[in-house]
Amino acid sequence: MKIAILGKPFDEEYGPFIQNLFDELQRRNTELMVVEHFSFFLQNRIHLPTGITTFNRGDSLAGVDFVLSLGGDGTLLDTVTYVGALQIPILGINTGRLGFLATIAHDSINLALDALFKGHYTFDDRALIRVDSDLEIFDGINFGLNEFSLLKRDSSSMIAVHAYIDGEYLNTYWADGLVVATPTGSTGYSLSCGGPLVLPQTNNFVISPVCPHNLNVRPMIVSDRTVISFEVEGRSSTYLASLDSRSVPVDMSVQIAVRRENFVARLVKLHHVNFLTTLRGKLNWGLDKRTNIFR
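Since the structure is predicted, the reported quantities are computational estimates derived from the model, not experimental observations. (Residues numbered from 1 in each chain as written. Predicted model: local features only at pLDDT ≥ 70, side-chain atom pairs only at ≥ 80, totals over all residues. Heavy atoms only, no water.)

(A) Local environment of the UniProt feature "active site" (unreviewed entry) in the protein chain. What UniProt calls "active site" (unreviewed entry) maps, in this numbering, to Asp73. Not counting the four nearest positions on each side in its chain, Asp73 is found in contact with Gly99, Phe100, Leu101 and Ala102. (UniProt positions renumbered as here; feature names shortened; annotations may be inferred. Contact = heavy atoms within 4.5 Å.)

In C-alpha cells form, the structure reads like this:
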C-alpha cells in the first residue's frame, strides 16, 4: 500500500502517538510519502523510517492509495487541495481541537490503521464548492470543502453584496459579509452566523449573511445545482474573498460566481464513526451537566 501523509506542527504530547503511527506503517511495509514541510518538522522529534520520499504542492499523488491528514479540520481542508480531482481517499487523524472532519482520535490510531488495512471502511464523498472569476484569485486552487465567503476588510464599513441565483436577482445583503457553505461547511463559519446544520449528503448550499444590517435577512438553503453570482459595493475599493482558510483581497470590479465542483472530497469513513454521533459529541447534545452523561 502507498500512503501520503500531510500534517502540521503538533504539541509535544502527541509525539509518541505520531511515532507509533510511523512505526505501525513501517511494520506493515507501507510505501510512505510525507509533505516536505512536515517532514522537516518531524526530523528532530521522532524517528522516521528509511525510504520515505517527500512531496510539495503541485507534485502528483497519482498511485497513492490513501492520504492521512494529521492535525485538525484545518489540516484536512488543506489536504483536500493537495488531492484535488484525483479523489484519493483521505483519513483524518485528530491532533487538533474540534474535529468534525478529522474524526480519528490520536489514541485510536492502531484501531484505525487495522480497519484501513482490513478494508473495514466505506467512502464518504463530500461536495466541494468551486469559485469562478474573471481574474484568478486563488492561484488555480479555486475549490474548497467548507465555504466561500465575501467579507469586509478590517475596520472598514459594511459592504453591499448583490446576490443572484442562476442570473436571477436574489437579494442585496448589507452586512459584514456573506458565506456560501457546503453541507460539510454547515458546521463551520456558517453555523456561527446562525446558519442551519445540514446533513453531508444533501445537495444544497447554505447562504448566510455575516452580521446583516437588516435583521429580517436570514440564512437560506438553495440547491447546489445552481450558480450563485455576486456584485459587491462598498466605501473601500477592495474586500476579502475567502475559500476555506485562504483569504485574498479582491477589487470590487472582479466578477465572482460559485457552483458545485465536478469532483468530490472522498473521506474514509470507519464503521464505528458516523456524522450524527460526531455531531452529538462535538456539540454536547443531550449532555446532562449534573451527571456528565449523554442522554
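(B) A look at the environment of Ile129. Checked against the element boundaries, Ile129 lands in strand E7 (residues 121–133). Each C-alpha atom, one on Ile129 and one on Phe143, is 5.5 Å from the other, the two residues being 14 residues apart in sequence. Non-local contacts of Ile129, meaning those with residues more than four positions away in its chain, are made with Asn142, Phe143, Gly144, Glu147, Phe148, Val180, Thr182, Phe205, Leu243, Val258 and Arg259. (Helix = DSSP H or I, 4+ residues; strand = E, 2+ residues; numbered from the N terminus.)

(C) Molecular detail of the sheet that holds strand E13 (residues 204–210). Sheet architecture is open: 6 strands sit in the order E14-E13-E12-E9-E16-E17, paired in antiparallel fashion. Whereas interior strands pair on both sides, the edge strands pair on one side only; in this sheet they are strand E14 (220–223) and strand E17 (246–251). Ignoring strand direction, the axes of neighbouring strands in this sheet form an average angle of 20°. Pairing of strand E12 (residues 177–181) with E13, which is carried by 5 bridges, proceeds in the antiparallel orientation. Residue pairing in the sheet places Val179 in a bridge with Ser208 of E13. (Pairing = 2+ DSSP bridges. Axes fitted to C-alpha atoms, helices over the stretch in contact; angles between N-to-C directions.)

(D) Representation of helix H4 (residues 109–118) in the model. Those residues of H4 that sit buried are Ile109, Ala112, Leu113, Ala115 and Leu116. One side of H4 holds all its buried residues, which, seen down the axis, span an arc of 160°. Those residues of H4 that are exposed and angled more than 90 degrees off the buried face are Leu111 and Lys118. Looking at the buried positions of H4, the neighbouring elements they touch are helix H1 (15–27), strand E4 (66–71), strand E5 (90–94), strand E6 (104–105), E7 and strand E18 (256–270). Of the residues flanking the end of H4, it is Gly119, one or two places downstream, whose phi is positive at about 80°. (Buried < 20%, exposed > 50% of the residue type's maximum accessible area, 1.4 Å probe, protein only. Arc of directions from axis to C-beta.)

(E) Local environment of helix H6 (residues 275–283). Looking only at H6, the buried set comprises Phe275, Thr278 and Leu279. Here the buried residues of H6 occupy an arc of 100° about the axis, which is enough to place them on one side. Against E7 lie the buried residues of H6. Where H6 terminates, the next one or two residues include Asn284, which has phi positive at roughly 60°.

(F) Region of the structure containing the packing of aromatic side chains. One pass over the full model with this rule turns up 9 aromatic pairs. On the basis of an interplanar angle of 90° and a centroid distance of 5.5 Å, the ring pair of Phe66 and Tyr121 is categorised as edge-to-face. Taken as a pair, Phe66 in strand E4 and Tyr121 in strand E7 lie far apart in primary sequence, 55 residues in all. Judged by its relative accessible area of 5%, Phe66 falls in the buried class. We classify Tyr121 as partly exposed; its relative accessible area is 21%. Taken together, Phe10, Phe38 and Phe41 form an aromatic cluster joined through their ring pairs. (Phe/Tyr/Trp six-rings, centres within 6.5 Å; stacked < 30°, edge-to-face > 60°.)

(G) Local environment of the UniProt feature "binding site: NAD(+)" (unreviewed entry) in the protein chain. UniProt annotation of "binding site: NAD(+)" (unreviewed entry) refers to Asp73, Gly74, Asn146, Glu147, Asp176, Thr187, Gly188, Tyr189, Ser190, Leu191 and Ser192 when read in the numbering used here. Maximum C-alpha separation among the annotated residues is 24.7 Å over a sequence range of 120 residues, too wide for a single clustered spot. Relative to the assigned elements, Asp73 resides in helix H3 (residues 73–83). Looking at the element boundaries, Asp176 is found in the loop between strand E11 (168–175) and E12. Judged by relative accessible area, which is 23%, Asp176 ranks as partly exposed. If we skip the residues at most four places from it in the chain, Asp176 touches Leu150, Leu151, Lys152, Met158, Ile159, Val210 and Cys211.

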